[in-house]
Structure formats: structure tokens, C-alpha cells
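Structural features, examined
Next come the chains, spelled out residue by residue.
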Amino acid sequence: MHFKHPEILYFLFLLLVPILVHLFQLRKFKTEYFTNVRFLKKLTIESRKSSKIKKRLLLATRLLLLTGLIIAFAQPFFEAKDHKNANNELYIILDNSFSMQAKGNRGELLKRAIQELLEETPENSTFSLVTNDQTFWNTDIKSIQRELQNLNYSATPFEIDAQLAKINTRKSAFKKDIVILSDAVGVQQKSEQKTDDQEVIYFIKPEAEQKNNAAIDSVFISQTLDNFYEITVAIKGFGEDFEPMSIALFNQNKLIAKTMVKLDTKKKTVNFTIPKQEFHGYATINDKRLTYDNDYYFSITKNEKINVLSIGESIKSNFLSRIFTKDEFNYSNSELRALDYNIIEKQATILLNEIPEIPQALQTTLQAFVSKGGNLVIIPSENTSITTTNSFLKNLGNIQFIAPENNAKQITKINFEHPLFSGVFESKITNFQYPKVEKSIVVKSAYPSILSFEDQTAFLTAIPKSVGAVFVFSAPLNTKNSNFQQSPLIVPVFYKMGVTNKNALLYAATIGNNSPFWVNTTLTKEAVLTVKGKEEQFIPIQQMLDNKVKLTFADLPKKSGNYTIFNKEKSIENLSFNYARTESDLSQVNTNLASNFEAIDSIKNVFNTLQTNRTDQQLWKWFLIFALAFLLAEMAIIRFVK
């Protein structure tokens, strides 16, 4: 037993006072006998014995009364087993990602979690709350009641490492208790984030009762006809036994097509034919489970063809005309001796196809072209002048040709993470037929390779620019030197080079993907473009060029939907944003997370556990009760004992 104020125990010496008083009352007196009271002798002796018992009882109760009061004021207590962490700071991590939209046995997981926080968190408890997109430091439940009740689902994915790192950056003299409240769907933990100032991490994992879910995965143009687009809507089903559901297509919020679909396979596609004109709307299904992935917003803009120019021998450039087709590109080829320099600035992409030596005038013109955001593709010749080419490349970036190689090599590695392949492959390919080259040039580059040879040297690399890019091959692509023209890789590689800095015909960006959007307009120095939607508007990051503006959106907007770009009050172009479909599969629960931390059932049990393990057992109330009991006993003795 411990005392909060042990110095008060010195007052126990006051117990000597009633003892001394009692001893004083017991001093002896001389007895005188009178003949007329001799018959009362027996009665006097009996009364004296009764008086001694009463005085001793009173002495005992008074001593116990005084002892109880003194000990009560000293505030005795038993230490809790975890009393050293009684001052720990509490942090609550609340997952408000879209998977928490699923329904448990008591309603939507997020709404139920919020309700428990409001009901079970003590009003005098100070804590910090961290969600996917908001933070509330050193607050209490009353102060953030309104914010919790209005908390929306976030497009920002729940990343446990990022949340723990955010908390760990908060320096404090006290240790930290952390409560994680998440369904763990699609959540990964790459590293142990626990530090010395963390005492314990509790993990509360609510579970969805029904894990079936259907989602619109993508929408794309599958075929372009003379007067129509064929739109394909891809739907994914996670689970089994789906009932037939309706799927509809809306343009400017007007219903233009509707049909029924049966998810008898994990992935189903539905085709719609719409007029070949601008579109600004969405596709939707009526799945009642997770609702965030039921709508897919997309915009189709007016098809403006991309200007592509190849410079080189016509016979070696024939394969490019089959890639840059007339429906999307204005492709032309010019031999070097017949090149009209005036058309260069009108191009979006220029290819130097196996030119042995680049004239100085062309170098100067192409440098200006690249600086204004144009794309340049360099395919060397077997007779390329390394000195001249290196002089040109030096002005474009940190890349150089070293020496020619005459041994055959296979192209075996694809850099799937490179922006050139963004959206090209659904999965990483490992078993494709490797193309090869007979002769090549060793390239020294400070930039990552896009395609690599078997000896890890670069076959294709790129010099990134703030706007545009310079793509450099290390070998000629003619059919005598390489079979790359017969490889399935050639179409996506050259197509993506051609459409770099060009918006897709069907634009449906994913929030947080940060892909640039190009607007063909000119702005004054102080003017800015604004993006407006039905419920949200914002100013994106923008870079002005001669006749276009590059927009990047970072993690904006916060909500999916159809948006329009405005220059002041004038609408310029439409675009659409969608939530990432990373949490549509409710069966992808990370079961290891709860095992890494201390699993607990509810927020109520968290506070009960902390209260039980860290609160000292106070005893002063009991000693005060004992003192009152002895006071009542003393009064009873005085009144009833004779």
C-alpha cells in the first residue's frame, strides 16, 4: 500500500492524547466509609466496573476514529500493474476508406465505428484522431462530435505505415497508445513502425457480413465507326451468386441507354453504341453493396488528330504509317533532303529514323521544338556519326552513345513502371517472344531504361522533360538489323510515344494518379484555369506553354464526377475523375495485421482495459467510511452503554 501524502501520517502521534486523557481519568482516589452508606458498598463496586468497560470502549472507538481520519487524509492506494503508463497519450486511427462502406451486423462499418466513438469515449479523455485525410490533434470527443458525424468516405487509400509514421513524427515527453480501427481490406504493412515511445497498439477489425460486390472496372472505346463510337463497359464481380442488375449510360445526366447484365463470370463486358460526338456523363449499375464503385465517369472530347512527322528514308519508315493511322494521326514522312523546316513547329511528335548525321540547322530547330514541349524519337543508323549525335544529345540531356557493337542481342526486359507503359499492360508479361537486334550501340544514360537487352544495357531509354520527352533507341529498327517490327511491343511503344502530351479521346482519370491533362489554349501571365464540378471546384497545378497549358491534379478532386475546365467564365474542355477500385474486393482482408498488434473487440474495451490496468486503487474512501462507522459506534456507546 502507498500513500499520496505520507507526511500526514505523523499526526498518528495524536493518538497519545486520548490515551493520556484516559489514564488521567483512571487515577486512584482515597475511599472513606460512612456507617450510613455501608449497605451501598456492593452497588458502588458494580457501577465502577461498568464505567471502566464503557471508558475503554470509548477509548478504542476514538482511537480508531482518529486513525481512520488521519489515514484517509494521507490518501492510501494500491498501485495499478501498469501505473507507469497512466500518462500515455492516446491516438486513434480511423479508416474511412470506401471498403468501410460495407455493412456489418449493426449497419455500415464506418458509421457504426463513429457511433461507438461518440458513445464510449469518456468526455474527459484527451486523444488525437487520425483519418485517411484529416487529423485532429489533442482534442476530446465533444470538440469533434460534429466533424465525426459529418465524416465522409475518403478516396485516399488507407495506408497503415503512413498513418503510423504521421503519429511517430509527433514528439512528446510521454509514450503513445495507438488504437487502429480498420476492416483491413487491401491494407498492406511494409514495415514495423513501432518505436520506443509507443506502449501498445490495439487493432479493432469490424467485419462485413456480406462480401459480394460488383464494380464498374473501366469504360473504353472498343471501336470507332464512321458515325458512332462503340463503348465497352467492363464490370467485375467479387463473390458469387449475383442477381441480374441493370446498367445504364447517362450523358449530361440524361439517360441514353439501359440494359440488364448477369454476372455469371468474374468479369463481364457490355457494349453500347453512341453517336460520334462529345460525351460528358457516366455509366452506372444498381449494386446495393459498396456504392462508391457503382458509377464510372468519363468524357469524350472532339477528336483532334495528332501531327506526327518522321524524317528518314521512306522505305525504312513504312512501318510507322501502320501504327500512326489516319483516324487518330496526321502522319507524314519526309526525307532529310526534302524536309520543310517550317512544318516542324506544327508537329506533336518527330521521329529521326536512321539518319547517319544530323545537320546543325536541324539540331537547332529540334532543340527549340523539344523546349516547347514536343516529343522527339531518335532511331540511330548503322552508320550513325557518334560524335555528331552525342553533341546533339548533350544539349538535350545526360545521355551519350559510347561505341558500336556487332554481336546479336535479345531484348528481354520491360520496365513496366515507366510512364510510357502506363495503362498498357494489365499484368506483367514474362513469357513473350524476345525480339533481337544484330547490331547496336552501347548507350550511357543517367535515366532508367524502358526496354533492355539481356546484358542489362539499354535498348530504349528516355530523357524526361517537364513537358514532352526525348526517346532514344540504341539500334536501327529496319528489318535487316532487327525483328522488332514484328514484335507485339512495337505498337504500344510507338503509339504511346505519339500520344505523349495528348489527352486520350475518352478521358476518365483516377483520383490521385496525377496524370497530366493538356489544354489547347493561351493564357495571360496572371490568368489561371479553374476546374469546376457539381459539388467541388479547385485550381490545379498548371504550366503555361506557347499554345497549351499542362494541368496536374495531385490528389484533387476529392470526389469523383464530371468536371469542366474554365478560363474565368468561359468553359474550355470537359474531363472526368473516378475513385480507384482498390477496395472493391471485400475478401482481400489482411489477416496478419490484427496478429501484428493486440486485437481487441471494441473501443469500449480499449478504455476499460486502460482504466483497469492503469488506474490506482484508491483506499481513502474506505478509511473515511470506517471513521464514520466508529463515530456512530462512539455515539451509540455513550447513549446505550451504562
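Counting from 1, residues in each chain are numbered in the order their sequence is written. Local features in this predicted model are restricted to residues whose pLDDT is 70 or higher, and side-chain atom pairs enter the listing and the counts only when it is 80 or higher, whereas totals over whole chains, interfaces and linings include all residues. Water and hydrogen atoms play no part in the side-chain values, which are based on all heavy atoms of the structure.

**Description of the pattern of salt bridges**
Put simply, the rule reads: Should a side-chain nitrogen of Lys or Arg be within 4 Å of a carboxyl oxygen of Asp or Glu, the pair is scored as a salt bridge. Here the term buried applies to any residue with accessible area under 20% of the maximum for its type, exposed to any over 50%, and partly exposed to those in between, with areas from a 1.4 Å probe on protein chains only. Strands here are runs of E lasting at least two residues and helices are runs of H or I lasting at least four, both read from the DSSP assignment and numbered beginning at the N terminus.
Enumeration over the complete set of coordinates arrives at 12 salt bridges. Among the ionic pairs, Asp287 bridges to Arg289, the shortest N-O distance being 2.7 Å. Assessed through its relative accessible area of 5%, Asp287 is described here as buried. With a closest N to O distance of 3.2 Å, Lys316 and Glu354 form a salt bridge. Taken as a pair, Lys316 in the loop between strand S17 (306-311) and helix H6 (318-323) and Glu354 in the loop between strand S19 (349-353) and helix H7 (360-371) lie far apart in primary sequence, 38 residues in all. Residue classification places Lys316 among the partly exposed positions, given a relative accessible area of 24%. Accessibility expressed as a relative area gives 6% for Glu354, which makes it buried. By sharing partners, the salt bridges in this structure join Glu405, Lys409 and Asp455 into a single network.

**Points about the nonpolar core**
Going by this rule: Here the nonpolar core consists of buried residues drawn from Ala, Val, Leu, Ile, Met, Phe, Trp, Tyr and Cys, with membership extended through side-chain atoms lying within 4.5 Å. Note on contacts: a residue pair is in contact if any heavy atoms of the two residues lie within 4.5 Å.
One finds Leu94, Phe553 and Leu575 to be the most contacted residues of the largest nonpolar core, which totals 52 residues. Among the elements that line this core, the one with the most residues is helix H3 (residues 109-120), at 5 residues. Aside from chain neighbours lying at most four places away, what touches Leu575 is His280, Ser299, Tyr507, Phe517, Val531, Phe553, Gly561, Asn562, Tyr563, Thr564 and Ile565. Core analysis: the next-biggest nonpolar cluster, separate from the first, contains 34 residues, Phe324, Leu420, Phe453 and Leu489 among them.

**What to know about the packing of aromatic side chains**
Note the threshold: Centres within 6.5 Å make a pair out of two Phe, Tyr or Trp rings, where for Trp the six-membered ring is used; the pair is then stacked when the planes are under 30 degrees apart, edge-to-face when over 60, and tilted otherwise. Charges are assigned to positions over rings by a cutoff of 6 Å between ring centre and Lys NZ or Arg CZ, combined with an angular limit of 35 degrees from the ring normal.
For the coordinates displayed, the defined rule picks out 23 aromatic pairs. Seen from their ring centres, Phe250 and Tyr282 are 5.1 Å apart, and the 10° between their planes marks the pair as stacked. With a gap of 32 residues between them, Phe250 in strand S12 (residues 245-251) and Tyr282 in strand S15 (residues 279-285) connect regions that are remote in the sequence. Take Phe250: its relative accessible area is 18%, and that puts it in the buried class. The buried category is assigned to Tyr282, whose relative accessible area is 16%. A connected cluster of aromatic rings, assembled from ring pairs, spans Phe319, Phe453, Phe459, Phe473, Phe484 and Phe494. One residue, Lys532, lies across the ring of Phe566, its end atom 5.0 Å from the ring centre.

**Focus on helix H5 (residues 160-168)**
For clarity, the threshold we go by: Relevant arc is that of directions from the helix axis to the C-beta atoms, nothing else.
Regarding H5, the residues found buried are Ile160, Asp161, Gln163, Leu164, Ile167 and Asn168. One face of H5 carries all of its buried residues, which in axial projection span an arc of 165°.

**Description of the pairing of strand S34 (residues 549-552)**
What counts, and what does not: At least two bridges found by DSSP between two strands are what make those strands a pair.
Neither face of S34 is exposed, since Val549 and Leu551 on one face and Lys550 and Thr552 on the opposite face are all buried. One ladder, built from 3 bridges, connects strand S30 (residues 517-519) with S34; its direction is antiparallel. When the bridges of S34 are listed, Trp518 appears paired with Lys550. The sheet contact formed by strand S33 (residues 541-544) and S34 spans 4 bridges and is antiparallel. By the bridge assignment, Gln542 is partnered in S34 with Leu551. In this structure, the hairpin formed by S33 and S34 is closed by a connection of 4 residues.

**Let's talk about the side chain of Thr61**
Within the element layout of this structure, Thr61 appears in helix H2 (residues 41-73). Thr61 gets classed as buried once you look at its relative accessible area, which sits at 8%. Contacts of Thr61, omitting those with residues within four sequence positions, involve Phe630, Ala633, Glu634 and Ile637.

**A word on helix H8 (residues 386-394)**
Turning to H8, its buried residues number three or more, namely Thr388, Thr389, Asn390, Phe392 and Leu393. The elements touched by buried residues of H8 are S19, H7, strand S20 (375-379), strand S21 (399-405) and strand S27 (469-473).

**Details of the sheet that holds strand S31 (residues 529-532)**
As summarised here, the arrangement of the 5 strands in space is S29-S36-S35-S31-S32, forming an open sheet in which the pairing is mixed. Two strands bound the open sheet, and with one partner strand each, they are strand S29 (509-510) and strand S32 (537-538). Here S31 runs beside strand S35 (residues 561-567); their pairing, made up of 4 bridges, is antiparallel. Considered in S35, the bridge of Leu529 is made with Asn567.

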